[in-house]
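# Structural characterization, general
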Amino acid sequence: MSVVVPPGRRFVRSRPVGSATRGTTNPNRLRRMDRWIAAVHAAALVRSSDPVAVDLGYGAAPWTAVELLARLRTVRPGAEVVGVEIDPARVAAAVPYERAGLVFAHGGFEVPLPGGRRPVLIRAANVLRQYGEAEVADVWARLCARLAPDGLLVEGTCDEIGRRHVWVALGPEGPRTVTFAARLASLDRPSDLAERLPKALIHRNVPGEPIHAFLRDFDRAWASAAPYADLGARQRWIRAAAALATAWPLVGGPRRWRQGELTVRWDALAPRG
């Protein structure tokens, strides 16, 4: 099924839900997240009868939506992407970049798609940083309710050029995992990623919270793996991850670790109280 946009109409019939972001974006900023999505969500993309994905809050330029389409099509050639922005001027600026399988629409957390389509993927990167922690659960629930039955919501934060990134993956039932990803040469220690924690976790990086204990243990494992630094940061990361796996429920294994990623079950890091 192709995305069809009636002339002069961009899906939204009422005021979008949410607030405009700063709009900051750069080409290839979300490559680590995209690479992970293409790897772990490939089966759902392949079996979906309507493989439409949403790049929610893509920003002042449409680069991330364009790149998401290209990366998803390495897994599912018929994949489509709808870039959704709450700022109508950004939608207008993106329209010249539309092509087969890629359109841009005015909207927010209601995720407007024509014909009641339900996306197999919603990616929301650097969108919730401006919201309060107490608002996150409601936003997650709203977005997850829009997913296809085997859909995935990926919500997280990265730096301006995509060297450091942390995201939460959620299914229709709620949060599943947290992934830490980095250009390993840019790290002094894994806890450098703390500044990129999603809104649900960033204020919980204090003693007594699981995320604080996890980052503490990750730093210790990294320090213990220092003898492998001569073989490169990747080998040190892999050894640190293997040590961490003895105490924390990691998801995946060396194949993903080699990409500079590490994924942990959400229930092990979820905030207390």
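Please refer to the structure higher up on the page.
Remember, it's a predicted structure, so these values are computed and weren't measured experimentally.

## Let's talk about the overall build of the protein chain
Scanning the protein chain from N- to C-terminus turns up ten helices and nine strands. At 19 Å, the protein chain has a C-alpha radius of gyration in line with the 19 Å of a compact globule built from 273 residues. Along the three orthogonal principal directions, the C-alpha set of the protein chain runs to about 60 × 40 × 30 Å. Per-residue burial for the protein chain yields a buried fraction of 56% across its 273 residues. Partitioning the contacts of the protein chain with sequence separation of at least 6, the portion at a separation of at least 24 is 69%.

## So, the packing of aromatic side chains
For any two aromatic rings, the description comes down to two numbers: the centre-to-centre distance and the angle of the planes. Taken as a whole, this structure holds ten aromatic pairs when the rule is applied. Ring geometry for F109 against Y131: centres 5.5 Å apart, planes inclined by 55°, an arrangement best described as tilted. Here F109 is found in the loop between β3 (102-106) and β4 (121-125), whereas its partner Y131 is found in the loop between β4 and α5 (133-144), with 22 residues between them in sequence. A single burial state applies to F109 and to Y131, both of which are buried. An angle of 75° between the planes, with centres 5.5 Å apart, marks the rings of W140 and W266 as edge-to-face. On the criterion of sequence distance, the pair formed by W140 in helix α5 and W266 in helix α10 (residues 266-269) is long-range, its members being 126 residues apart.

## Considering the packing of helix α7 (residues 210-224) against helix α8 (residues 233-244)
At a minimum axis separation of 8 Å, α7 and α8 run at an interaxial angle of 125°. If you check the angle between α7 and α8, you find them oblique. Note on packing geometry: the crossing formed by α7 with α8 is right-handed. Residue-level contacts link F214, D217, F218, A221, W222 and A223 of α7 to A233, R236, W237, A240, A243 and L244 of α8. Residue classes in the contact of α7 with α8 are distributed as ten nonpolar, no polar and two charged.

## Digging into the sheet that holds strand β8 (residues 250-251)
Reading across from one edge, β3-β2-β1-β4-β5-β6-β7-β9-β8 is the order of the nine strands in this open sheet, with mixed pairing throughout. For this open sheet the edge positions go to β3 and β8, each flanked by a neighbour on one side alone. Here strand β1 (residues 52-56) runs beside strand β2 (residues 80-85); their pairing, made up of five bridges, is parallel. Bridged to L56 within β2 is V84.

## Some remarks on the side chain of T263
Its location among the elements puts T263 in strand β9 (residues 261-265). Reaching out from T263, the side chain makes a polar contact with the side chain of T179 at a distance of 2.7 Å. Once residues lying within four places of it in the same chain are set aside, the contact partners of T263 are W36, T177, V178, T179, P249, L250 and V251.

## Topic: the nonpolar core
Nonpolar side chains tend to gather and get buried jointly when the protein is soluble and globular. In this structure, W140, F180, F214, W237 and L262 are the most contacted members of the largest nonpolar core, which totals 57 residues. Residues in contact with W237, not counting those within four places in the same chain, are F180, L184, L187, L193, F218, W222, W257, G260, E261 and L262. Counting 28 residues, the second-largest nonpolar core is a separate cluster that includes L69, V81, V91 and V120.

## A few points about the packing of helix α1 (residues 31-40) against helix α3 (residues 63-72)
Here α1 crosses α3 at 30°, and the two axes come no closer than 10 Å. The angle between α1 and α3 places the two elements in the roughly parallel class. When you trace α1 past α3, the crossing you get is right-handed. Of the residues in α3, those touching α1 at R31, D34, I37 and A38 are E67, L68, R71 and L72. Residue classes in the contact of α1 with α3 are distributed as four nonpolar, no polar and four charged.

## As for the pattern of salt bridges
Any two side chains of opposite charge can pair, on the condition that their charged atoms come close. Inspection of the entire model under this criterion finds 19 salt bridges. Taking the shortest distance from any N to any O, the salt bridge between R256 and E261 comes out at 2.9 Å. Grouping residues by exposure puts R256 and E261 together as buried. For the salt bridge of R265 with D267, the shortest nitrogen-to-oxygen distance reads 3.0 Å. For R265, a relative accessible area of 39% corresponds to the partly exposed category.

Rules used throughout
Residues numbered from 1 in each chain as written. Predicted model: local features only at pLDDT ≥ 70, side-chain atom pairs only at ≥ 80, totals over all residues. Heavy atoms only, no water. Helix = DSSP H or I, 4+ residues; strand = E, 2+ residues; numbered from the N terminus. Rg over C-alpha atoms; globule rule 2.2 N^0.38 Å. Buried < 20%, exposed > 50% of the residue type's maximum accessible area, 1.4 Å probe, protein only. Contact = heavy atoms within 4.5 Å. Phe/Tyr/Trp six-rings, centres within 6.5 Å; stacked < 30°, edge-to-face > 60°. Axes fitted to C-alpha atoms, helices over the stretch in contact; angles between N-to-C directions. Parallel < 35°, antiparallel > 145°, perpendicular 65-115°, else oblique. Left-handed = near helix turned anticlockwise from the far one by under 90°. Nonpolar A, V, L, I, M, F, W, Y, C, P; charged D, E, K, R; others polar. Pairing = 2+ DSSP bridges. Polar contact = N/O pair within 3.5 Å; in protein donor to acceptor, adjacent residues only side chain to side chain. Core = buried A, V, L, I, M, F, W, Y, C linked by side-chain atoms within 4.5 Å. Salt bridge = Lys/Arg side-chain N within 4 Å of Asp/Glu carboxyl O.

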